[in-house]
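# Close look at the chain arrangement
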Amino acid sequence: VALPCATTVVGQAGSSNHPLIGNGFSGKILGLGIAPDGVRVAAIVQTDSGPEVELAAIDSGLPVSGQLSTPFDRMSIGPNVQLAPNVPNPVALTWYNADNLLVLDGTGSQTSLWEVPVDGQPATKLPGVPPGAISITANTAQNVLVAGLTDNRMEVSAAPHGPWQLLGGGGQNPAFQTPLPFSAQS
């Protein structure tokens, strides 16, 4: 039985109160991405059987007639469905276009990239992804992909199948950090 979890949403600067947004994800949220349309959310969720990719709708609700409330007071994330059960160890995701996610699977030299349709079709393994990839980002299918690597480098590609090239000259202190190993502590 999946129990609803609560996710905090950062409020105004300086505010110590963060509204809670209810959601139906079935475990601890490890990664999250909002769809380009702003009404769907994909997440990597740590369940009892391991990490999985899940999809849900964002419900902003309607205010009760005559009642004043902020949008966060009415917002929730609806029931979820599992996507890509054939991706065994998802570690990062990004929306590639309105109908597909890109999901990194595995760690170290065993990393692979998968295209995951949000209509429930099986995920497709794509050729080529930089070894050591720990994060992936895209800004629509017409733009480049950027993969963050464990050695604080980034590589870029014009398409999910590669080729991948070093981005920049290997700077210091990139915006992403190597994730800590997963701990089953609550």
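Each value, and the rule that gives it
Here the residue numbering is sequential within each chain, running from 1 through the sequence in written order. Confidence filtering applies because this is a predicted model: local features only for residues at pLDDT of at least 70, side-chain atom pairs given and counted only at 80 or more, and all residues used for totals across whole chains, interfaces and linings. Calculated side-chain values reflect all of the structure's heavy atoms, with hydrogen atoms and water omitted. Helix and strand assignments follow DSSP, with helices taken as H or I runs no shorter than four residues and strands as E runs no shorter than two, numbered in order from the N terminus. Contacts were defined at the residue level, with two residues in contact if any of their heavy atoms lie within 4.5 Å. Think of a salt bridge as a Lys or Arg side-chain nitrogen and an Asp or Glu carboxyl oxygen that are within 4 Å of each other. Classification of residues uses two cut-offs on accessible area relative to the type maximum, computed with a 1.4 Å probe and protein chains only: under 20% is buried, over 50% is exposed, and between them is partly exposed. What pLDDT reports is the predictor's confidence in each residue, on a scale of 0 through 100. In short, DSSP must find at least two bridges between two strands for them to pair. To get an axis, fit a line to the C-alpha atoms, keeping to the stretch in contact for a helix; angles then go from 0 to 180 degrees between the N-to-C directions.

### A short note on the environment of P163
Structurally, the position occupied by P163 is in the loop between β13 (154-157) and β14 (165-166). Between the C-alpha atom of P163 and that of P127, which follows or precedes it by 36 residues, the distance is 9.6 Å. Setting aside its immediate chain neighbours within four residues, P163 contacts V156 and S157.

### Here's the deal with the pattern of salt bridges
Scanning the entire structure with this criterion turns up 3 salt bridges. Among the salt bridges present, the one from R153 reaches D151, with a minimum N-O distance of 2.8 Å. R153 gets classed as partly exposed once you look at its relative accessible area, which sits at 27%.

### Quick notes on the confidence of the model for the protein
Model confidence for the protein is summarised by a mean pLDDT of 78, while 69% of its residues fall at 70 or above. Overall, residues 1-12 carries pLDDT values under 50, and its contacts beyond four positions in sequence, including any with other chains, amount to 25 contacts.

### Re the sheet that holds strand β12 (residues 145-149)
Think of a sheet as strands paired side by side through backbone hydrogen bonds, with each pair either parallel or antiparallel. With respect to topology, 4 strands assemble into an open sheet ordered β11-β12-β13-β14, the strand pairing being antiparallel. Two strands in the sheet have a free side with no partner beyond their single neighbour: β11 (133-138) and β14. Bridge analysis of β13 against β14 gives 2 bridges, and the strand direction is antiparallel. Bridging across to β14, V156 finds its partner in Q165.

### Overview of the sheet that holds strand β9 (residues 112-117)
The strand order β7-β8-β9-β10 describes an open sheet built from 4 strands, whose pairing is antiparallel. Both edges of this open sheet fall to β7 (90-97) and β10 (124-126), since each of them pairs with a single strand only. Averaged over neighbouring strand pairs, the angle between their axes works out to 30° when direction is ignored. Pairing of β9 with β10, which is carried by 3 bridges, proceeds in the antiparallel orientation. Its bridge partner lying in β10, W114 is registered against K125.

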